[in-house]
Amino acid sequence: MALLAPQSQTVTPPYKNTSLSADKRAEDLLGRMTLQEKVAMLAGATWMESAANERLGIPSLKMADGPVGVRSWSGPSALTNAAGSKLPQVLSTAFPAGVALGATWDPEMAGRVGQALGAEVRALGRNMLLGPSVNIHRTPWAGRNFETYGEDPYLSSRLVVAYIKGMQGEGVIATVKHFAANSQEFERRTIDEKIGERALHEIYFPAFKAAVQEAGVWSVMSAYNKVNGLWCAENPYLLTDTLKKRWGFQGFVVSDWGGTHSTIDGAVAGLDIEMPGPGSVRALLNHDETTRQNFTGGFQAPEKVLPEIESGKIPQAVVDDRVRRMLRAMFAVGIFDRTDSEKGDVDTPDEIAVARKAATEGIVLLKNERGLLPIQPGKVRSIAVIGPSAAVARTGGGGSSNVKSKYAVTPMQAISQRGGKKQFLITYAQGAVMEGEDPDKAKDSAALIKDAAVLAANSDLAVVFVGNSSKLESEGHDRATLGLPAGQEELIKAVTAVNPRTVVVLIAGSPVLMDNWVGKVPALVAAWYPGQEGGHAIADILFGDANPSGKLPMTFPKEWKDSPAYGHYPGENGTVDYAEGIYVGYRHFDKHNIEPLFPFGHGLSYTTFAYSDLKVSPHEVSLALRNTGSREGAEVVQLYLGDSHSSVDRPVKELKGFRRVVLKPGETKTVTFGLDKSALSYYSTAKKDWVAEPGTFEVLVGASSRDIRLKGKFELAGK
Ligand code: BGC
């Protein structure tokens, strides 16, 4: 009997074997690639995608902007809005701005937002989000403050870790940005920031470090600016020494769009992929003269990189490392093992619920005299809803984070819906025109204010919606004023003059100076840019369906001259000196004993809380928290440590723990914080390491950085 020929067998290469580790698969695949194939991956193929490799089945990284919603375009992303794309923008859920998430002080909520966003990235057929943003608020002028979590590195770290875990758990690569210290938009593409090593490690780095070491983030975006003389995309101190060697980052570094300046320096400093791709750069540079002047790129194109490899100026090992990092990340989140199609749902009921809850939790009740809020049906029958942000949904700030949502609820809609049911008489007056929005109408500003005042005078309560807009607070430029623009201050004064029962709701992403009107206003609410469900969230708070629990993630100064960066912003001759060093935010106000308008961590509730039974050791702090009011509420308990015995200058106190605790009326819970070396240490520039010095540490527990309810001490023993 003739032997049967053996059936042809295809051997599956190890990189396709899903039971192997991401490292093993990446190594195997790398070994199969030609030099040309590797080099093709070092720059994008298009505006938002990396080069795919058909021969080996390497999919492309399909990126989309974030961090507060998926900002993407349908169709091939060779170009986008930046180059005047005609492609339709994809609709997706507009989550509250980063600063609103910062104000929740709720890592669990950040995790839910990250997860919901990750699901939308997948549903839209993308696999990498260009977010979260964690640049520290150094100055209230900064145009992009609204995207990030505020002024404190510890708060930012806790939130970003949860957000990234939520997102990457969905099989999406998160990109923490912009590394490092993109804390102003003024001259962002060219400015050289002089920042001391200690300030970098203690203030500007921690959220990135936590993203790497605790969340295992797979991508880091380098910033446009220079840090200490070198562009961030070709800064070996940032990218190689700190990120990759010191912190052990396993993922890849992506440049900011047009943030590269050279072929060799970028390659050897630690940049992994240049974005956008050279084709997009060429198209952009053909666009117009201004773009040409403002944009660079195309340095990691194969025709530029290959000769430098041949000449030995870019070692092959560097190329391997860059490609390996991208492959590893793609294997780790599962991009090789699935087909992403644009078929999923976005804006699902779950995602909408997350957007609403996050917006509600982020709202901060700054002031509430005579219990004006929540609005009480018996006492209030008519409500005048006023202001240039009352009948407009200002979901987010401007620039690459701005999401196009399917719908967005305005405060006026939600108040009418909610208030109407309770038989309130609700009226509306615009009162002022937001700067740059309706020039013809703006000419009648006196008449607008008068109409609003008449309405307010004839109502039991006035609620005035003021603030900024996505044009005024945006990527690409800093704010033009710290006060309220466009006659909004006059509006508030006119309304409060005729109706002392006035609530002001601030829709803005950064502190606003208000010393000249805040005393006239009994109730004040910061709602930030609250996303598409913002109107509902605001109405929930105003009518008391939700109890406010947000806390300020930054200090509100009384005047600009009180701010840490005063005198050292925006810089001159292309340089800005971060001369305040580690004294950013409340660290500065504490050190110089300056009374803020509203302190970091401040936020009121409709109930009250009592703090007691502080127990302190070098490893643990605990206390009892009781709800002493008559309704359920959440308090964010804040733990600060002081180290006045230190041999180097240290802040009076620093946030080292916080917990959002929900309590029923009369309920008590024990709140416990673990302490480790990192909570006690400063960064020693002499030792180039973190140091916890033996001695006495002060423990301060409170409801804000200036409302300390319990104090204790512990000794850290010497070795
Ligand atoms: C922004 C980034 C953004 C990128 C892509 C840049 O101008 O700084 O945050 O991800 O554009 O749109």
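Right above here is the structure, for reference.
Only a predicted model underlies this, so the values are computations on that prediction, with no experimental measurement involved.

Time to look at the overall build of the protein chain. Helix and strand counts for the protein chain stand at 21 helices and 24 strands. For the protein chain, the C-alpha radius of gyration of 26 Å lies close to 27 Å, the compact-globule estimate for 719 residues. Its C-alpha atoms put the protein chain at 95 × 70 × 65 Å along the principal axes. Looking at the protein chain as a whole, 62% of its 719 residues qualify as buried. A separation of at least 24 residues holds for 77% of the contacts in the protein chain among residues at least 6 apart in sequence. Accessible area for the protein chain stands at about 26,400 Å²; split by element, carbon and sulfur atoms hold 51% of it. Here the protein chain contributes 79 positive and 80 negative side-chain charges, whose respective centroids are spaced 3 Å apart.

We now examine the pattern of salt bridges. Under the criterion given, the structure shown has 40 salt bridges. Glu 475 is the partner of Arg 188 in a salt bridge, and the nearest nitrogen-oxygen pair spans 3.1 Å. With Arg 188 in the loop between strand 3 (173–179) and strand 4 (192–194) and Glu 475 in the loop between strand 12 (461–467) and helix 18 (488–498), this residue pair connects regions lying 287 residues apart in the sequence. Here Arg 188 and Glu 475 have matching classes, each one buried. Among the salt bridges present, the one from Asp 562 reaches Lys 561, with a minimum N-O distance of 3.7 Å. For Asp 562, a relative accessible area of 10% puts it in the buried group. When its relative accessible area of 47% is taken as the criterion, Lys 561 is described as partly exposed. It is possible to trace a salt-bridge network through shared partners that takes in Arg 144, Glu 147, Glu 185, Arg 188 and Glu 475.

Let us look at helix 17 (residues 445–457). Helix length check: helix 17, at 13 residues, gives a terminal C-alpha distance of 18 Å against a target of 18 Å (1.5 Å per residue), a fit within 8%. Taken together, the buried positions of helix 17 are occupied by Leu 448, Ile 449, Ala 452, Ala 453 and Ala 456. End-on, the buried residues of helix 17 take up no more than an arc of 130 degrees, which puts them together on one face. In helix 17, those exposed residues whose orientation departs by more than 90 degrees from the buried face are Ala 446, Lys 450 and Asp 451.

A few words on the nonpolar core. Core analysis: the largest hydrophobic core is formed by 73 residues, its most contacted members being Tyr 163, Phe 179 and Tyr 204. Ranked by the residues each element gives to this core, the list is headed by helix 5 (residues 153–168), at 8 residues. In this view, Tyr 163 contacts Pro 67, Leu 101, Ala 110, Gly 111, Val 113, Gly 114, Leu 117, Leu 129, Gly 131, Pro 132 and Tyr 149; residues no more than four positions away in its chain are not counted. Listed in part, the 72 residues of the second largest apolar core include Ala 97, Leu 366, Val 505 and Phe 543.

What follows deals with the sheet that holds strand 16 (residues 609–616). Spatially, 3 strands are ordered 16-17-20 in an open sheet, and the strand pairing comes out antiparallel. Looking along the sheet, the strands with just one partner apiece sit at the ends: strand 16 and strand 20 (668–674). Pairwise comparison of adjacent strand axes, ignoring direction, gives a mean angle of 20 degrees for this sheet. Summarising the sheet, strand 16 and strand 17 (residues 620–627) pair through 6 bridges and their orientation is antiparallel. The residue of strand 17 that forms the bridge with Ala 610 is Arg 626.

As a matter of local geometry, the ligand sits amid 13 residues, with Asp 65, Arg 144, His 178, Tyr 224 and Asp 256 nearest to it. A distance of 2.8 Å separates an oxygen atom of the ligand from a polar side-chain atom of Arg 144. Here an oxygen atom of the ligand sits 2.7 Å away from a polar atom, N or O, in the side chain of His 178. Isolated, the ligand exposes 310 Å² of accessible area, and the fraction of that covered by the protein chains is 94%. Class assignment of the residues belonging to the shell around the ligand gives a composition of 5 nonpolar, 2 polar and 6 charged.

Running from N to C, helix 17 and helix 18 cross one another at 30 degrees; their axes reach a closest spacing of 8 Å. With respect to each other, helix 17 and helix 18 are oriented roughly parallel. With respect to the hand of their crossing, helix 17 and helix 18 are arranged in right-handed fashion. Residues Ile 449, Ala 452, Ala 453, Ala 456 and Ala 457 of helix 17 pack against Glu 490, Leu 491, Ala 494, Val 495 and Val 498 of helix 18. A per-class count over the contact of helix 17 with helix 18 returns 9 nonpolar, no polar and 1 charged.

This brings us to the pairing of strand 18 (residues 633–642). Most of strand 18 is tucked away: 10 of the 10 residues are buried. In strand 18, alternate side chains face the same way, and those of Gly 633, Glu 635, Val 637, Leu 639 and Leu 641 on one face and Ala 634, Val 636, Gln 638, Tyr 640 and Gly 642 on the other are all buried. Looking at chain direction, strand 18 and strand 19 (residues 654–663) are connected through 9 bridges and run antiparallel. The partner of Gln 638 across the bridge, within strand 19, is Phe 658. Where strand 18 meets strand 23 (residues 695–704), 5 bridges bridge the pair, whose relative direction is antiparallel. What sits directly across from Leu 639, in strand 23, is Val 701.

Our focus in this paragraph is the packing of aromatic side chains. For any pair of aromatic rings, the description consists of the separation of the ring centres together with the inter-plane angle of the planes. Counted according to the given criterion, the structure contains 21 aromatic pairs. When the ring of Trp 141 is compared with that of Trp 560, the centres are 5.8 Å apart and the planes differ by 85 degrees; the resulting orientation is edge-to-face. Separated by 419 residues along the polypeptide, Trp 141 in the loop between strand 2 (128–130) and helix 5 and Trp 560 in the loop between helix 19 (534–542) and strand 15 (575–577) bring together distant segments of the chain. Relative accessible area serves as the criterion here: at 16%, Trp 141 is assigned to the buried category. Classification of Trp 560 as buried rests on a relative accessible area of 17%. Among the aromatic side chains, those forming a connected cluster through ring pairs are Trp 105, Tyr 154, Tyr 586, Phe 600, Tyr 640 and Phe 658. Of note, Arg 158 hangs over the ring of Tyr 154, and the distance from its end group to the ring centre comes to 5.6 Å. One cation-aromatic arrangement involves Lys 591 over Tyr 583; the distance from NZ or CZ to the ring centre is 4.6 Å.

The antiparallel open sheet is built from 4 strands, whose spatial order is 19-18-23-24. Both outer strands of the open sheet, strand 19 and strand 24 (707–716), are each paired with one neighbouring strand and no more. Going across the sheet, the axis of each strand differs from the next one's by a mean of 20 degrees, ignoring polarity.

Take the packing of helix 6 (residues 197–204) against helix 8 (residues 236–246) next. Contact geometry of helix 6 with helix 8 gives a least axis separation of 14 Å together with a crossing angle of 55 degrees. Here helix 6 lies oblique to helix 8, going by the angle between them. Crossing geometry of helix 6 relative to helix 8 is assigned as right-handed. Here Glu 197, Leu 200 and His 201 of helix 6 lie close against helix 8, whose contacting residues are Tyr 237, Thr 242 and Arg 246. Tallied by class, residues from the contact of helix 6 with helix 8 come to 2 nonpolar, 2 polar and 2 charged.

What counts and how
- Residues numbered from 1 in each chain as written.
- Predicted model: local features only at pLDDT ≥ 70, side-chain atom pairs only at ≥ 80, totals over all residues.
- Heavy atoms only, no water.
- Helix = DSSP H or I, 4+ residues; strand = E, 2+ residues; numbered from the N terminus.
- Rg over C-alpha atoms; globule rule 2.2 N^0.38 Å.
- Buried < 20%, exposed > 50% of the residue type's maximum accessible area, 1.4 Å probe, protein only.
- Contact = heavy atoms within 4.5 Å.
- Areas by Shrake-Rupley, 256 points an atom, 1.4 Å probe, with all protein chains shown as cover.
- Lys, Arg positive; Asp, Glu negative; His and termini not counted.
- Charge placed at Lys NZ, Arg CZ, Asp CG, Glu CD.
- Salt bridge = Lys/Arg side-chain N within 4 Å of Asp/Glu carboxyl O.
- Expected span 1.5 Å × (residues − 1).
- Arc of directions from axis to C-beta.
- Core = buried A, V, L, I, M, F, W, Y, C linked by side-chain atoms within 4.5 Å.
- Pairing = 2+ DSSP bridges.
- Axes fitted to C-alpha atoms, helices over the stretch in contact; angles between N-to-C directions.
- Near = heavy atom within 4 Å.
- Polar contact = N/O pair within 3.5 Å; in protein donor to acceptor, adjacent residues only side chain to side chain.
- Nonpolar A, V, L, I, M, F, W, Y, C, P; charged D, E, K, R; others polar.
- Parallel < 35°, antiparallel > 145°, perpendicular 65-115°, else oblique.
- Left-handed = near helix turned anticlockwise from the far one by under 90°.
- Phe/Tyr/Trp six-rings, centres within 6.5 Å; stacked < 30°, edge-to-face > 60°.
- Lys NZ or Arg CZ within 6 Å of the ring centre and 35° of its normal.

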